[in-house]
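Residues per chain, in single letters:
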Amino acid sequence: MGAEETDYKSNPSRCNTLSLHWGVISIYFIVSFVVIFLSQVTGAFQPYSHTDPDFAASIHHLKLLVLAELNLLPSIFYVANKEPYRENDEPIKLYLDDFTSSNLKSLKAKISLEQFIFLLNSSYIKEDIVANDVVKHPFKSYRTIRRFVRFIGKLPEFTENEDLIRVWNHTRKLYKFPKESDLNASMESIIRLRQVYRFSINDILEGNLEMEIGSGLSIRHMVEIADHSCNLQLYSHAIDLYYGVMTKCSESQPRSFQDCSLLDLANIAVKLNDVIKKHDNLLVEWNDDLAPPDSSPHVFDDILDNITSPKFLSRKPLQIDHKMDELLKTKSELSQLYKDMIVSPFLYEKLCRGEQLRDKAVIASLKCYYSHKSHPIYTIGPLKFEVHSESPPIIQIYDIISDAEISQLQHEVQEEMRQSRTASAEGDDDLGITSRYRTSANAWIEDADISKFTYLNERIARITGLNTTGYFSSEIVQIAAYNPGNHYTPHSDAIFEDEIIKRLPESELQRGDRIMTFMLYLSHVEKGGGTGFPTLKTVIHPVKGSAVMWFNLNPDGTVNYNVLHGGCPVLYGTKWIANKWIRSNDQMFIKRCLNKREEREHYWEMPN
Ligand SMILES: O=C(O)CCC(=O)C(=O)O
Ligand SMILES: [Fe+2]
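All of these numbers come straight from a predicted model, not from anything done at the bench.

Within the protein one finds 24 helices and 15 strands. Taking the contacts inside the protein whose residues are at least 6 apart along the sequence as the reference set, 77% of them involve residues at least 24 apart.

Set out below in structure tokens:
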């Protein structure tokens with residue numbers, strides 16, 4: 001037992017040893033594409049249920065983890081302060097420093113850890129409030145999971161104090177602890193946030209997410225995340241982070257002198273050089289028929305600059321939007337597959353960042369209106385509609401579910417929430433697979449359970465004019481929730497696609513495809529988390545109590561790829577949605593298959 005035994009320091013990177021063959025990488029990307037673009041789990045696949053919590057995906061489980069930590073904290077603090085200090089206590093000190101800089105630095109009132117523990121013990125600070133504060137922040141969430149994986153999970157290795165071990169054993173019985181895979185998932189969330197929202201190295205160090213300042217990552221955290229990016233072959237991210245670390249450590253007054261001296265900067269320089277080589281080798285091997293070797297557009301950096309032997313100090317990562325546009329222009333004859341892979345995520349990321357991609361005139365022509373829907377209930381309180389796209393229509397309707405109903409829906413499912421799974425095109429497993437492309441958590445609620453507290457299905461039927469009653473009309477409601485960094489890349493909600501359709505049971509086929517998505521926002525999101533439609537160049541911001549609806553099928557029953565859409569990563573806050581997918585066959589007398597042009601126009605009309 002000693003400080004050197006802990007791995008409360010950077011994990012060795014596999015970057016230097018890892019060399020996956022390009023063929024394997026491209027197969028990975030293509031398979032992922034098939035999975036994400038062709039499908040997602042339907043009501044037919046039924047709720048996946050397993051016993052392990054998903055800390056990086058589920059808000060509820062992450063909150064419980066914070067409570068577990070607060071349960072242990074006073075005893076750890078006591079051991080660190082009341083017993084004579086020994087060298088072996090170093091990991092405990094590091095742990096407490098990490099807790100303090102992660103959770104107390106961003107508080108408006110500057111309090112010490114001792115004061116915090118006093119306020120906690122005397123219930124002046126509510127544990128629940130601390131938990132809510134952690135789960136909405138990507139860095140605090142990551143650091144909480146990391147403290148468990150690197151320290152709390154192995155606490156008996158670091159202390160002989162019997163009281164502490166007793167409390168630890170008790171906590172262990174009450175709560176489940178996260179694993180290395182949870183830590184990896186939370187690092188991936190940060191990599192994704194950086195890719196989409198482009199915050200700078202300084203913002204990471206300061207924890208500046210525009211909502212609050214503090215709780216930034218340390219140099220050590222950044223190196224670990226860079227190492228993990230390497231392992232995922234997200235080389236451009238790794239380059240960017242290693243480079244950022246080198247630059248910060250070489251500043252005349254490094255922000256965290258201790259971290260810079262602890263780390264072997266020469267080792268980082270070697271890693272950086274190595275990852276640049278790997279990055280550029282992949283680019284040289286890349287050809288137009290295959291997906292690019294990195295999910296991020298930064299990979300084009302050097303190719304576009306025609307740099308044959310890159311020198312890392314001359315790089316300017318994350319500044320290549322205009323080059324990406326140029327590249328796309330030169331590739332006008334790209335295959336649909338290629339376009340979906342590259343163009344759509346690229347535009348989607350722009351939308352997520354809030355870039356305006358449509359003409360002002362188009363936006364000005366969009367309407368908001370009230371509707372009574374010829375229904376007495378809406379005479380007193382008319383529905384408020386906002387049109388985000390005319391054709392195909394994408395319409396947001398406000399105030400259609402109350403806060404009380406939302407709380408009940410959330411309460412009903414919180415224990416069941418597990419990482420979302422997408423149907424696999426080739427697997428036999430009806431439970432689907434987890435994927436980097438959809439990292440939310442979800443659960444399904446039976447109609448009978450919902451009707452105990454809300455007439456949601458009836459309300460959706462009134463608004464859409466479609467049938468929602470019974471198995472053949474619509475799926476049961478799916479609730480999904482996103483922690484910071486969680487997202488869902490652009491996809492179609494339709495499920496009757498070549499590969500997936502082969503696996504659907506007869507009863508599913510009889511329901512027909514998902515003609516319409518009716519998606520309710522069950523929360524506001526403080527930053528990020530919009531629903532982006534890259535082809536239509538529009539993004540919808542979650543407003544609690546509102547819903548968005550669109551048709552997934554064309555008038556002739558084919559899939560409408562113009563409504564590809566995705567959930568932007570949540571940057572700060574948590575996001576809850578409810579999906580009601582309406583199936584086509586039971587709508588045959590309401591929405592017929594229309595082939596004539598003039599009839600087709602009619603199809604898009606939303607009932608008012
Ligand atoms: O989270 C969002 O905004 C989109 C979710 C979505 O597209 C889905 O669940 O199918
Ligand atoms: Fe969707």
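After presenting the structure, the write-up continues.
On to helix 2 (residues 59-82). Taking 1.5 Å of rise per residue, the 24 residues of helix 2 would be expected to cover 34 Å, and the 35 Å separating its terminal C-alpha atoms lies within 8% of that figure. Along helix 2, the sharpest kink reaches roughly 35°, centred on Leu72 and followed within four residues by the proline Pro74. All buried positions along helix 2 are accounted for by Ile59, His61, Leu62, Lys63, Leu65, Val66, Glu69, Leu70, Leu73, Ile76 and Val79. In the core, the buried residues of helix 2 are packed alongside helix 3 (90-103), helix 4 (113-121), helix 5 (127-135), helix 6 (138-150), helix 7 (162-174) and strand 6 (477-482).

Let's shift gears to the packing of helix 2 against helix 5. Where helix 2 meets helix 5, the axes come as close as 9 Å, and the angle between the chain directions of the two elements is 125°. Judged by the inter-axis angle, helix 2 sits oblique to helix 5. Here the hand of the crossing between helix 2 and helix 5 comes out right-handed. Counted together, Ile59, Leu62, Lys63, Val66, Leu67 and Leu70 of helix 2 and Glu127, Val130, Ala131, Val134 and Val135 of helix 5 form the full contact between these two elements. Class assignment for the residues of the contact of helix 2 with helix 5 results in nine nonpolar, no polar and two charged.

With respect to topology, four strands assemble into an open sheet ordered 7-13-10-11, the strand pairing being antiparallel. A strand with exactly one partner marks an edge of an open sheet, and here the two such strands are strand 7 (488-491) and strand 11 (538-540). Direction aside, the axes of adjacent strands within the sheet are offset by 15° on average. Judged from the three bridges that link them, strand 10 (residues 531-533) and strand 11 form a sheet pairing that is antiparallel. Bridge pairing in strand 11 places Phe533 opposite Thr538.

Around ligand 1, a shell composed of nine residues is seen, among which Tyr488, Thr531, Gly567, Ile577 and Asn579 lie nearest. Mapped by element, the contributors of at least two residues to the shell around ligand 1 are strand 13 (565-567) and strand 15 (575-583). Among the residues making up the shell around ligand 1, the classes are represented as three nonpolar, five polar and one charged.

Before going further, it helps to spend a moment on the environment of Glu160. Inspection of the secondary structure assignment puts Glu160 in the loop between helix 6 and helix 7. On a C-alpha basis, the gap between Glu160 and Val525 in space is 44 Å, while along the polypeptide they are 365 residues apart.

Packed helices, taken two at a time, are described by the angle between their axes plus the distance between the axes. Running from amino to carboxyl end, helix 2 crosses helix 3 at an angle of 130°, the nearest separation of the two axes being 10 Å. Regarding the angle of helix 2 to helix 3, the classification is oblique. In this structure, helix 2 meets helix 3 at a crossing whose hand is left-handed. Each of Leu73, Ile76, Phe77, Val79 and Ala80 in helix 2 lies in contact with helix 3, whose residues at this interface are Ile92, Lys93, Tyr95, Leu96 and Phe99. Among the residues making up the contact of helix 2 with helix 3, the classes are represented as nine nonpolar, no polar and one charged.

All right, on to the sheet that holds strand 5 (residues 441-445) then. In spatial order, the strands read 1-2-3-12-8-15-6-5-4; together these nine strands make up an open sheet with antiparallel pairing. Here the strands that pair on one side only, and so sit at the sheet edges, are strand 1 (368-371) and strand 4 (418-419). The sheet strands contacting helix 21 (residues 456-464) are strand 2 (383-389), strand 3 (394-398), strand 6, strand 8 (514-521), strand 12 (547-551) and strand 15, and the helix crosses strand 8 at an angle near 120°.

Residue Pro392 is reached from Ser391 by a cis peptide bond, and omega for that bond is 0°. Tracing the backbone through its elements, the reader meets Pro392 in the loop between strand 2 and strand 3. With phi around 60°, Ser215 is a residue other than glycine that occupies positive phi space. The topology assignment puts Ser215 in the loop between helix 9 (201-206) and helix 10 (219-231). In this structure Ser215 comes out as buried when scored by C-beta crowding, with 23 C-beta atoms within 10 Å. With phi around 65°, Gln233 is a residue other than glycine that occupies positive phi space. Mapped onto the secondary structure, Gln233 falls in the loop between helix 10 and helix 11 (235-249).

For helix 5, every residue scored as buried is listed here: Ala131, Val134 and Val135. The arc that holds the buried residues of helix 5, viewed along the axis, is 90°, so those residues lie on one side. Packing partners of the buried residues in helix 5 comprise helix 2, helix 3 and helix 6.

Caution applies to low-pLDDT parts of the model: their predicted coordinates are not meant to be read in detail. Mean pLDDT over the protein works out to 78, with 72% of the residues at or above the 70 mark. Element-level pLDDT for the protein is lowest in helix 1 (residues 22-38), with a mean of 32, against a maximum mean of 97 in helix 6. Overall, residues 1-14 carries pLDDT values under 50, and its contacts beyond four positions in sequence, including any with other chains, amount to 28 contacts. Quick note on the complex model: pTM equals 0.82, ipTM equals 0.99.

Burial analysis of strand 15 places nine of its nine residues in the buried class, which makes it a mostly covered element. Along strand 15, one buried face is formed by Lys575, Ile577, Asn579, Trp581 and Arg583 and the opposite face, lined by Trp576, Ala578, Lys580 and Ile582, is buried too. Bridging between strand 6 and strand 15 involves five bridges; their strand directions are antiparallel. What sits directly across from Tyr482, in strand 15, is Lys575. Bridge count for strand 8 against strand 15 is seven bridges, and the pairing is antiparallel. Residue pairing across strands places Leu520 opposite Ala578, the latter belonging to strand 15.

Take the nonpolar core next. Ranked by size, the top nonpolar core spans 114 residues in total, and within it Met222, Ala238, Tyr242 and Ile479 carry the most contacts. Setting aside residues up to four positions removed in sequence, Ile479 forms contacts with Leu409, Val413, Asn442, Ala443, Ile445, Trp576 and Ala578.

Criteria and cut-off values
Residues numbered from 1 in each chain as written. Chains lettered and ligands numbered in written order. Predicted model: local features only at pLDDT ≥ 70, side-chain atom pairs only at ≥ 80, totals over all residues. Helix = DSSP H or I, 4+ residues; strand = E, 2+ residues; numbered from the N terminus. Contact = placed C-beta atoms within 7 Å. Expected span 1.5 Å × (residues − 1). Bend = angle between axes of the 7 residues up to and from the residue. Buried ≥ 20, exposed ≤ 12 C-beta atoms within 10 Å, placed from the backbone. Axes fitted to C-alpha atoms, helices over the stretch in contact; angles between N-to-C directions. Parallel < 35°, antiparallel > 145°, perpendicular 65-115°, else oblique. Left-handed = near helix turned anticlockwise from the far one by under 90°. Nonpolar A, V, L, I, M, F, W, Y, C, P; charged D, E, K, R; others polar. Pairing = 2+ DSSP bridges. Near = placed C-beta within 6 Å. Arc of directions from axis to C-beta. pLDDT = per-residue confidence, 0-100. Core = buried A, V, L, I, M, F, W, Y, C linked by C-beta atoms within 7 Å.

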